[in-house]
Amino acid sequence: MSDRARAVEECFWELTELLPLERTERDGWREVSTLGGDDVRNGVIRAVLGADEADDVIDATIDRYAARGSPFRWHVGPSSRPTDLADRLLRRGFLHIDTLAGMCIDTRRDLAPDPRIVVRELSASEDEAFVDVILSTYDAPASVRERLLAEIRNSRGGGKQRHYVARLEGQIVGATSYALLRSGGFLQGAAVVEASRGRGVYRQMIRARLAALRSEGCELAVVTARRSTSAPICARLGFEELCAIEVYRHA
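Keep in mind that this is a model prediction, so the values were computed, not measured.

What counts and what doesn't
Residues numbered from 1 in each chain as written. Predicted model: local features only at pLDDT ≥ 70, side-chain atom pairs only at ≥ 80, totals over all residues. Heavy atoms only, no water. Helix = DSSP H or I, 4+ residues; strand = E, 2+ residues; numbered from the N terminus. Expected span 1.5 Å × (residues − 1). Buried < 20%, exposed > 50% of the residue type's maximum accessible area, 1.4 Å probe, protein only. Arc of directions from axis to C-beta. Contact = heavy atoms within 4.5 Å. Pairing = 2+ DSSP bridges. Axes fitted to C-alpha atoms, helices over the stretch in contact; angles between N-to-C directions. Core = buried A, V, L, I, M, F, W, Y, C linked by side-chain atoms within 4.5 Å.

Undergrad: An account of helix H5 (residues 142-155) is requested, with residue identities and associated values reported.
TA: With 14 residues, H5 ought to run about 20 Å at 1.5 Å a step, and its terminal C-alpha atoms sit 20 Å apart, in line with that. Within H5, burial applies to Val 144, Leu 148, Leu 149, Glu 151, Ile 152 and Ser 155. Take H5 and look down its axis: the buried residues cluster within an arc of 165 degrees, on one side only. Seen from the open side of H5, the exposed residues pointing more than 90 degrees away from its buried face are Ala 142, Ser 143 and Asn 154. Where H5 is buried, its residues touch helix H4 (127-135) and strand S7 (161-168).

See below:
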């Protein structure tokens, strides 16, 4: 595995330090969990297991989350072992729900500006609009909205995370964030309201975050982009794909 592919996995894990999660790390194992039933915040981030122990560990993990009544996710990335881990998960009732492309780009890459689109750091008065844009891209219970608002407000002034909104014709149509981590700048999710997609908003949010990271002395930006949506856009903007992370869910 290349150093840059390793940086993708490390950034993904380092980001969890900034979130209100219970983190478990031991040799070859990384896991996050919450008391809630949100599978996005419950699951195995990295597992390096021996072939002779893998089935028992998977079964024990399933039993542990079942006792809590929580669905959870399992990420299979470039360092995951054994090599047939994905097949073992499928045999135990996991569903493959997504493929993330681990990608990187030099922050010195300059993308052309678009005067129609203004991307600025989030102000406190825009917090609710920011969350509304994020949640416009997927269905979520009301509790997720309150959680996101709390996390945004708690991160303000902390120095490691920055949140941005994009305006087109004066209206907030995009929302995004980044985190400055030990292994690089991690570009977090970016959302654009449906009516404004295809107009360059996503590109300008990438441009703004690269410029911000560059100003902070960070040379490498990484992202885990969904293959079905944002990964092709990132590739066209010059991101290099380094690895794939397969996401499985058990309920």
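There is more to say, and it comes next.
Undergrad: An account of the sheet that holds strand S11 (residues 240-250) is needed here, citing residue identities and associated values.
TA: Across the sheet, which stays open at both edges, the 11 strands sit in the order S1-S2-S3-S4-S11-S5-S10-S9-S8-S7-S6 with mixed pairing between neighbours. This sheet does not close on itself; its edge strands, each paired only once, are strand S1 (22-26) and strand S6 (117-121). Taken over all neighbouring pairs, the strand axes of this sheet differ in orientation by 20 degrees on average, direction set aside. Pairing between strand S5 (residues 95-106) and S11: 9 bridges, direction antiparallel. Counterpart to Met 103 in the pairing with S11 is Glu 241. In the packing of helix H2 (residues 54-68) onto the sheet, the strands contacted are strand S2 (29-33), strand S3 (43-47), strand S4 (72-76) and S11, and the crossing angle to S2 comes to about 10 degrees. In the packing of H4 onto the sheet, contacts are made with S7, strand S8 (171-181) and strand S9 (184-192), and the angle to S8 comes to roughly 90 degrees.

Undergrad: How would you sum up the nonpolar core? Please name residues and give values.
TA: If you look at the biggest cluster of nonpolar residues, it comprises 29 residues, and the most contacted ones within it are Met 103, Leu 187, Ile 206 and Phe 239. Elements supplying a minimum of two residues to this core: S5, S6, S7, S8, S9, helix H6 (201-215), strand S10 (220-226) and helix H7 (230-236). Residue contributions to this core peak at 8 residues, all from H6. Once residues lying within four places of it in the same chain are set aside, the contact partners of Phe 239 are Met 103, Cys 104, Ile 105, Leu 187, Ile 206, Val 223 and Cys 234. Ala 7, Trp 13, Ile 45 and Leu 220 belong to the second-largest nonpolar core, a separate cluster that totals 21 residues.

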